[in-house]
Amino acid sequence: MARRRSVNFIREVGVDPRYGSESIQKLINVVMWRGKKNAARHIVYEALELISKKAGGAEKALDLFDKAVEQVTPVVEVRPRRVGGSVYQIPREVGSRRARSLAYRWLIANAAERSDKTMGLRLGHELLDASEGRGGAVKKKIDVHKMAESNRAFSHYSW
C-alpha cells in the first residue's frame, strides 16, 4: 500500500512576462528564495541576457536554454530499497516532471558553486557550459547514470 497519496491536481505555473515561456517561469520559481520573486527574475533574466549576447538573439537564447536543460535532464536514477535487511540501490526510470525538476536543481546548485561575480552571471555560464555538454550539472547527470548502470544487477528488485 502506498504511503503517499498520488497527485491528482497539477498546478499551472504560468508563463514569464518577458519571454512567454513556461520553462523559464519554472526556473524563476526554483531560483526564488524566501519569496523574493523579483530578485529571482533579475537573476534568470541576467543569465538569459548573457546567453543571448553569446548566441546572437533572444530566440537563439531560448533554444540554447532548452538545449542546456535537455543536456542536464536525467533518464534514470537510483532509489534505495530495503530487501531482507540490506539496502540496495535500484535503478529506476525518472518521470518527466521529476527529471525536469532535478535538472533545474542541479543547474542552480552548480551555478552557485562557480566563482563569477553575480548569481546571474554564474547561472548564465553554467547554462552555456551545459548546452555544450560540459559543466558541473552535466557531470552530475553522468554520475547518476553511471551509478544506475553499475547497480543494474539489482534492477530485478524493482517491483
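Rules used in this analysis
- Residues numbered from 1 in each chain as written.
- Predicted model: local features only at pLDDT ≥ 70, side-chain atom pairs only at ≥ 80, totals over all residues.
- Heavy atoms only, no water.
- Core = buried A, V, L, I, M, F, W, Y, C linked by side-chain atoms within 4.5 Å.
- Buried < 20%, exposed > 50% of the residue type's maximum accessible area, 1.4 Å probe, protein only.
- Helix = DSSP H or I, 4+ residues; strand = E, 2+ residues; numbered from the N terminus.
- Pairing = 2+ DSSP bridges.
- Contact = heavy atoms within 4.5 Å.
- Patch = residues over 30% accessible without salt bridge, like charges linked within 9 Å, V, L, I, M, F, W, Y side chains within 5 Å.
- Areas by Shrake-Rupley, 256 points an atom, 1.4 Å probe, with all protein chains shown as cover.
- Salt bridge = Lys/Arg side-chain N within 4 Å of Asp/Glu carboxyl O.
- Lys, Arg positive; Asp, Glu negative; His and termini not counted.
- Charge placed at Lys NZ, Arg CZ, Asp CG, Glu CD.

## Concerning the nonpolar core
Consideration 1: Residues Leu27, Val44, Phe65, Val72 and Leu123 are the most contacted members of the largest nonpolar core, which totals 33 residues.
Consideration 2: Of all the secondary-structure elements, those providing two or more residues to this core are α1 (22-31), α2 (37-55), α3 (58-72), α4 (96-112), α5 (119-131) and α6 (136-150).

## Concerning the pairing of strand β2 (residues 86-93)
Consideration 1: Examined bridge by bridge, strand β1 (residues 76-83) and β2 share eight bridges and lie antiparallel to one another. In the sheet register, Arg82 faces β2, and the bridge partner there is Val87.
Consideration 2: As consecutive antiparallel partners, β1 and β2 are separated by two residues, and within that stretch Gly84 has a phi angle of approximately 60°, a positive value.

## Things to note about the side chain of Lys141
Consideration 1: Tracing the backbone through its elements, the reader meets Lys141 in helix α6.
Consideration 2: Dropping the residues within four chain positions of it, Lys141 is found in contact with Glu70, Gln71, Val72, Thr73, Pro74 and Trp106.

## Some details on a negative patch on the surface
Consideration 1: A cluster of acidic residues, Glu59, Asp63, Asp66 and Glu70, forms a negative patch at the surface.
Consideration 2: One can find Glu59 in helix α3.

On their own, these measurements won't tell you what the molecule is for.
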